Amino acid sequence: MKALYWAIAVLLLLIAVCIASVAYIVNSAAYIGEPLPELQEALADEDWPRAELLFGDSYARWQQAREIWPLLINHDDMRDIEVSYIDTQTVLTQQSAAKAQKEVAALEFYIQHVAENERVSWQSVI
C-alpha cells in the first residue's frame, strides 16, 4: 500500500512540474514578445533609434529565457528564434523598414509558436 501512495505522490509531483513548466514557457514567451508590436510601430515610422532600443529590450529578455528554455522546449524552436533575432538585427542595421517588419513578424511568429506548442489543449492530447 505504501508503494501505491509513493507512486501517486510522484505522479502528482510530475504533473505539477509539467504544469509549472508550461506556465513558465507561456508567460516568458509573452514577456519576450511584449516589445515587438511597439517595435513594428517604430519601424513603420522609421524611428530607428527607438526600434533599436525596443529590439534590444526584447533581445535582453530572450537572453534571460534562453538559459532555461533548452530544458523545456524543442531545440529547433530555440534555433529558429535565435536565427530570427540575428536576421532582425542585420536588417535593423541596414535600416530597411519593409525587410525589418518582415523579420520582426517572423520573430513574433516563432515566439508565439513555442507558447502555442507548449499549451495543453485537446489537439496536443489527441
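Use the structure listed above.
Predicted model, so just to flag it, every value in this text is computed and none were measured.

**Section: a nonpolar patch on the surface**
No. 1: A contiguous nonpolar surface patch, about 970 Å² in accessible area, is contributed by Met-1, Leu-4, Tyr-5, Ile-8, Leu-11, Leu-12, Leu-14, Ile-15 and Ile-19.
No. 2: Examined against the element boundaries, Ile-19 turns out to sit in helix α1 (residues 2-33).
No. 3: Accessibility expressed as a relative area gives 56% for Ile-19, which makes it exposed.

**As for the pattern of salt bridges**
No. 1: All told, the structure shown has 7 salt bridges when counted by the stated rule.
No. 2: Taking the shortest distance from any N to any O, the salt bridge between Glu-38 and Arg-50 comes out at 3.5 Å. A residue pair is termed long-range when its members are at least 10 positions apart, and Glu-38 in helix α2 (residues 36-44) and Arg-50 in helix α3 (residues 48-65) qualify at 12 residues.
No. 3: Between Lys-102 and Glu-103 there is a salt bridge, and its shortest N-O distance comes to 3.6 Å.
No. 4: A cluster of three or more residues bridged by salt bridges with shared partners is formed by Glu-34, Asp-57 and Arg-61.

**Some thoughts on the packing of α2 against α3**
No. 1: Between α2 and α3, whose axes approach to 8 Å, the crossing angle comes to 160 degrees. Put simply, α2 runs roughly antiparallel to α3. Crossing handedness for the pair α2 and α3: left-handed. Judged by residue contacts, Leu-36, Glu-38, Leu-39, Glu-41, Ala-42 and Leu-43 of α2 engage Trp-48, Arg-50, Ala-51, Leu-54, Phe-55 and Ser-58 from α3.
No. 2: Residues that form the contact of α2 with α3 fall into these classes: 8 nonpolar, 1 polar and 3 charged.

**Quick word on α2**
No. 1: Listing the buried residues of α2 in full gives Leu-36, Leu-39, Gln-40, Ala-42 and Leu-43. An end-on view of α2 places all buried positions within 160 degrees of arc, on one side of the element.
No. 2: Packed against the buried residues of α2 are α1, α3, α4 (75-94) and α5 (97-118).
No. 3: Looking one or two residues beyond α2, the residue adopting positive phi is Glu-46, at roughly 55 degrees.

**Overview of the packing of aromatic side chains**
No. 1: In this structure the tally under the stated criterion is 6 aromatic pairs.
No. 2: Look at Phe-55 and Tyr-59: their rings are 6.1 Å apart centre to centre, the planes differ by 10 degrees, and that puts the pair in the stacked class. Residue Phe-55 and its partner Tyr-59 are both found in helix α3; the two are separated by 4 residues, about one turn of the helix.
No. 3: Note on Phe-55: relative accessible area 5%, which makes it buried.
No. 4: Residues Trp-62 and Trp-69 carry aromatic rings whose centres are separated by 5.5 Å and whose planes lie at 85 degrees to one another, so their mutual orientation is edge-to-face.

Cut-off values and rules
Residues numbered from 1 in each chain as written. Predicted model: local features only at pLDDT ≥ 70, side-chain atom pairs only at ≥ 80, totals over all residues. Heavy atoms only, no water. Patch = residues over 30% accessible without salt bridge, like charges linked within 9 Å, V, L, I, M, F, W, Y side chains within 5 Å. Areas by Shrake-Rupley, 256 points an atom, 1.4 Å probe, with all protein chains shown as cover. Salt bridge = Lys/Arg side-chain N within 4 Å of Asp/Glu carboxyl O. Helix = DSSP H or I, 4+ residues; strand = E, 2+ residues; numbered from the N terminus. Buried < 20%, exposed > 50% of the residue type's maximum accessible area, 1.4 Å probe, protein only. Axes fitted to C-alpha atoms, helices over the stretch in contact; angles between N-to-C directions. Parallel < 35°, antiparallel > 145°, perpendicular 65-115°, else oblique. Left-handed = near helix turned anticlockwise from the far one by under 90°. Contact = heavy atoms within 4.5 Å. Nonpolar A, V, L, I, M, F, W, Y, C, P; charged D, E, K, R; others polar. Arc of directions from axis to C-beta. Phe/Tyr/Trp six-rings, centres within 6.5 Å; stacked < 30°, edge-to-face > 60°.

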